[in-house]
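Listed below are the residues making up each chain.
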Amino acid sequence: MKALMFGWEFPPHILGGLGTASYGLTKGMSLQNDMDITFMLPKPWGDEDQSFLKIVSANKVPIVWKDPEWNYLNSELNGRLSTDEYYHYRDCIREDNSKIGTNGIGSVEFSGRYPNNLFEEIHNYDAVAGVVCRALDFDIIHSHDWLTYPAGIHAKHVTGKPLVIHVHATDFDRSRGNVNPAVYEIEKRGMDEADHIITVSNLTRDTVIYRYNIDPAKVTTVHNAVEPISKEIEAIQPKRGTKDKVVTFLGRITMQKGPEYFVEAAYRVLQRTNNVRFVMAGSGDMMDKMIRHAAYRNISDKFHFTGFLKGKEVYEMLKSSDVYIMPSVSEPFGISPLEAMQVGVPTIISKQSGCAEILNNAIKVDYWDIDAMADAIYSIITYPAMSDFLKTEGKDEVDEIKWEYAALKVRKVYDMVLHR
Amino acid sequence: MKSVCFYFQVHQPFRLRRYRFFDIGSDHYYYDDYNNEEIIRRVAEHCYLPANRLILQMIKDTNGAFKVAYSISGVALEQLELYVPEVVDSFRELAKTGCVEFLAETYAHSLASLWEGDEFELQVKEHSKKIQSLFGVKPTVFRNTELIYSDEIGERVVNMGFKGMLSEGAKHVLGWKSPNYVYCCANNPRLKLLLKNFKLSDDITFRFSDWGWDQFPLTADKYMDWVAATPKEENVVNLFMNYETFGEMQGANTGIFDFLKALPSFAAQRNITFATPSEIFDRQKPIDSINVPYPISWADEERDLSAWLGNELQKETFNKLNGIGERVRMSKDRRLMQDWYYLQTSDHLYYMSTKHFSDGAVHSHYSPYDSPYEAFMNYMNILSDFIDRVNSKFPENVDNEELNSLTLTINAQEELINKLTKENQKLMKELKSSVAAAPVKTGKKRKEMV
């Protein structure tokens, strides 16, 4: 089976969980022998792992007919696309995209991030999809997250092939309910047009059904999984400068992640014990507010901010933690608690996280229940049996959550949509 | 002639309230009164009262041919007395018929039988005392918490003077042997054993209303056929179950009460009688001894202790609890003793079981907690507070032995003081009366004498 996937992020250059999930899922699917995946990205960097799928660079595909000089073309393509492929794509231009600003070889530039002119990029990406879907042979279209829904719909209309959309998040999660109407419109249209919808948790599935009024029969949950940790990460030594226990919050410091509940829980724990420190790692628009809040609670000496952590630093931080906490207000899935459990850190997650649906050996609390959160932190740092047990059982559990299994479920959806 | 031996377990734990760590040291009340009252009232209404009424009626109708045995834990009795005393009255009425036997067990429905030291014996004594005070009979047969049994426990039980004990007919212990005989303890053959016929018991407890079961619906006629169909030499069929089976686990609408009601007449047709454990022990000799080096119980598929002591959380809790025991007993503080019993109840450990992640939902079904971790957190917070309270009674740095000898000395001295005061008072009185009897000369003189 051949699948054409539309995505926005792919490791190693990722901005959020979407890239990690795209990578894991496609890698898991590639284990199926007859699976052939083509993955379109707005702006690949060239160092992506292409051993198990083929990446199409949207920013090299021509959408306006131009006849560039050979050497110039080659330098522009920069190896992301062969000239043969370029000419093949050029032969498949059927639509008039002349209103879109293109470069010398007739393709559009993408930032590959989430810029201010995001809607323009989504639109351009859509135009590229129109060319790509005519040029390639495939059985099914698979769009990852709302940015690529228009592209998926476009491809579906052109080829008549079924469209599966993968909801990694909805705007309800990102905005705590105050949705952006323009985003909602794109999401809703994608869901309406899709032949089937895959959500990353039942929580998201409910949002899709109730907030977007989608027929439940059309929505299937496929929980995310986690990649096994590599040897390099395993070899990372924790850095510990303090004998105190360390409780870590790791993620974007935004409204969605519930950082203020963490500060409040920390305040409660510190009223009782002294041998504990709290770390808020990451950055975000609520960081300054949180610094002020910690100061207001008079716990700044025990409450630390690290700023944004990259790659290896993330695991250094995790490995030197005694507790990992994710008090998200609304989390479609949340892979990071799984990553914490992989390195043997006892984990507390909010019941409003999608991953809570599949994790047994993590402590679950309501995000607003700061008393319960404080209690859970206290228990883990005070009762060794608890933390030891969570460590070993949590690791065992998470080692069994594999992308391979998630991929099989996605495959089932494909087969169902294609009536195979 | 075959006999059916019915035994019902009546037990309700004192469920714990949500106890946060900031409560440690400031609040010493641990129980969820609302929940406890609500549950025991509900169970009493659905099960205890109607079932007791029915069984009393059955005993009367059969002129005492129908017999049952109960084991009611001390903590359950306390809750019944507190919230639904009419249940205690109805048990009393059953006791008066003489067709009902009450069995001994640990007061707190605890796992004390697994500990060394005398906690186990003390609790059994306490429970027997309670049964005697309420129902006027002294138990002679023992039933350990959740039918936990091992050779060692059997030995301790016989040393307390019990003639018999009930346990589980676990397959890994019995092997090819049938549970439908009287057995005896391998360490001390004076202790006779009745083993649960788990197939026939579970047919009622778990499968009665299961319409996916190929024998559904289960009728009293068919059931007695099964009992009668056991080989002729096998003459006891032990049906041990939770009392809540009637009306709670199997609701009244499933017809469970009618099923029970119809049993005696169908039994009579097949010449099957009913008997209490002590009757069977008096009547029959054991056919063989059984070897149980490791404890068995009636819980889960494994029939071992893994439901209570299966993971590290449970073991840690259990050991912490054991560690403080001696000091609690030494303190002789009534409130501490009370909490000590309530906290020992095995259900608290059961809630911490992580087994249900893989198999069935029986554990989570009964648990007031969302997860075993929550159960552990809550319990440990309470236990920490409890331990602090116990330790505040005595200086922590004095070890138990020294403390024991010190308390002994103190107690002995107190006794001496009491004795001397009494003697003093007695002499005073004598003196007074002799003075009063003697002719009074002057008031002044009398005052001086006093």
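This is a predicted model, so every value here is computed, not measured.

Analysis parameters
Residues numbered from 1 in each chain as written. Chains lettered and ligands numbered in written order. Predicted model: local features only at pLDDT ≥ 70, side-chain atom pairs only at ≥ 80, totals over all residues. Heavy atoms only, no water. Helix = DSSP H or I, 4+ residues; strand = E, 2+ residues; numbered from the N terminus. Rg over C-alpha atoms; globule rule 2.2 N^0.38 Å. Buried < 20%, exposed > 50% of the residue type's maximum accessible area, 1.4 Å probe, protein only. Contact = heavy atoms within 4.5 Å. Areas by Shrake-Rupley, 256 points an atom, 1.4 Å probe, with all protein chains shown as cover. Lys, Arg positive; Asp, Glu negative; His and termini not counted. Charge placed at Lys NZ, Arg CZ, Asp CG, Glu CD. Expected span 1.5 Å × (residues − 1). Domains from an automatic or database assignment. Pairing = 2+ DSSP bridges. Axes fitted to C-alpha atoms, helices over the stretch in contact; angles between N-to-C directions. Phe/Tyr/Trp six-rings, centres within 6.5 Å; stacked < 30°, edge-to-face > 60°. Buried area = accessible area lost by both parts, 1.4 Å probe. Salt bridge = Lys/Arg side-chain N within 4 Å of Asp/Glu carboxyl O. Polar contact = N/O pair within 3.5 Å; in protein donor to acceptor, adjacent residues only side chain to side chain. Nonpolar A, V, L, I, M, F, W, Y, C, P; charged D, E, K, R; others polar.

## Points about the overall build of chain A
Check the secondary structure of chain A and you find 16 helices and 13 strands. Relative to a compact globule of 420 residues, whose C-alpha radius of gyration would be 22 Å, chain A shows 23 Å and is just as compact. Along the first, second and third principal axes, the C-alpha atoms of chain A reach 70 × 45 × 40 Å. Here chain A holds 420 residues, and the buried ones make up 60% of them. Put simply, 69% of the contacts in chain A that link residues at least 6 apart link residues at least 24 apart. As displayed, chain A has an accessible area near 17300 Å², and 49% of this comes from carbon and sulfur atoms. Charge centroids of chain A, computed over 47 positive and 57 negative side chains, lie 3 Å from each other.

## Observations regarding helix α10 (residues 259-272) of chain A
Each α-helix winds once per 3.6 residues, and so residues spaced three or four apart point in a common direction. Residue and element names in this part refer to chain A. Taking 1.5 Å as the rise per residue, α10 with 14 residues should run 20 Å; its terminal C-alpha atoms sit 21 Å apart, in good agreement. The set of residues buried in α10 consists of Pro259, Glu260, Tyr261, Phe262, Val263, Glu264, Ala265, Ala266, Val269 and Leu270. Structurally, α10 contributes buried residues whose contacts are with β8 (245-250), β9 (276-281), α11 (287-296), β10 (303-307), β11 (323-326) and α14 (370-382).

## Structural notes on the domain arrangement of chain B
According to the domain assignment, chain B consists of domain 1 (2-306), domain 2 (310-393) and domain 3 (400-449). A separation of 53 Å is found between the C-alpha centroids of domain 1 of chain B and domain 3 of chain B.

## Brief notes about the side chain of Asn391 of chain B
The topology assignment puts Asn391 of chain B in helix α16 (residues 372-393). Looking at Asn391 of chain B, the relative accessible area reads 15%, which means it is buried.

## Re the sheet that holds β11 of chain A
Paired through their backbone hydrogen bonds, the strands of a sheet run either parallel or antiparallel. Residues and elements named next belong to chain A. Reading across from one edge, β10-β9-β8-β11-β12-β13 is the order of the six strands in this open sheet, with parallel pairing throughout. For this open sheet the edge positions go to β10 and β13 (363-365), each flanked by a neighbour on one side alone. Averaged over all adjacent pairs, the angle separating strand axes in this sheet is 20 degrees, with direction ignored. Here six bridges tie β8 to β9, and the two strands are oriented parallel to one another. Within the sheet, the bridge partner assigned to Leu250 lies in β9 and is Ala281.

## Structural notes on the environment of Ile122 of chain A
Residues and elements named next belong to chain A. Structurally, Ile122 can be placed in helix α4 (residues 118-135). Ile122 gets classed as buried once you look at its relative accessible area, which sits at 2%. Note: C-alpha distance between Ile122 and Ile236 (114 residues apart in sequence) is 39 Å. Among residues more than four places away in sequence, those in contact with Ile122 are Trp8, Trp146, Leu147, Pro150 and Ile186.

## Observations concerning the packing of aromatic side chains
A full pass over the atoms with the stated rule returns 56 aromatic pairs over all chains. Note on Phe249 of chain A and Phe262 of chain A: the rings are 5.7 Å apart at their centroids and 25 degrees apart in plane angle, and the pair reads as stacked. Remark: Phe262 of chain A occurs in helix α10 and Phe249 of chain A occurs in strand β8; sequence separation between them is 13 residues. A residue is classified by how much of its surface remains accessible, and Phe249 of chain A, at 2% relative accessible area, is buried. When its relative accessible area of 0% is taken as the criterion, Phe262 of chain A is described as buried. Residues Phe120 of chain B and Phe142 of chain B carry aromatic rings whose centres are separated by 5.7 Å and whose planes lie at 85 degrees to one another, so their mutual orientation is edge-to-face.

## Here we look at the interface of chain A and chain B
With 24 residues of chain A in contact, the opposing surface of chain B contributes 19 residues. Across the interface of chain A and chain B, roughly 1900 Å² is buried in total on both sides, 62% from carbon and sulfur atoms. One can count three salt bridges joining chain A with chain B. With a closest N to O distance of 3.0 Å, Asp370 of chain B and Lys351 of chain A form a salt bridge. Our count for the contact surface shared by chain A and chain B stands at 10 residue pairs in polar contact (both at pLDDT 80 or more). Contributing elements (two or more residues each) for the side of chain A that touches chain B: α10, β13, α14 and α15 (384-398) of chain A. Here the side of chain A that touches chain B is composed, by residue class, of 13 nonpolar, three polar and eight charged.

## Observations concerning unusual backbone geometry
A cis amide bond, omega 5 degrees, links Pro11 of chain A with the succeeding residue Pro12 of chain A. Looking at where Pro12 of chain A falls in the secondary structure, it is placed in the loop between β1 (2-6) and α1 (17-30). Between Phe216 of chain B and Pro217 of chain B the backbone carries a cis peptide bond, its omega angle lying at -5 degrees. Here Pro217 of chain B shows up in the loop between α7 (198-205) and α8 (220-228). Unusually for a residue other than glycine, Leu147 of chain B sits at a positive phi of about 60 degrees. If you trace the backbone, Leu147 of chain B turns up in the loop between β4 (141-143) and α5 (151-159). Leu147 of chain B sits in the buried class, given a relative accessible area of 0%. You will see that Asn271 of chain B, though not glycine, has its phi angle at about 60 degrees, which is positive. Relative to the helices and strands, Asn271 of chain B is located in the loop between α9 (256-269) and β11 (272-274). Judged by its relative accessible area of 54%, Asn271 of chain B is exposed.

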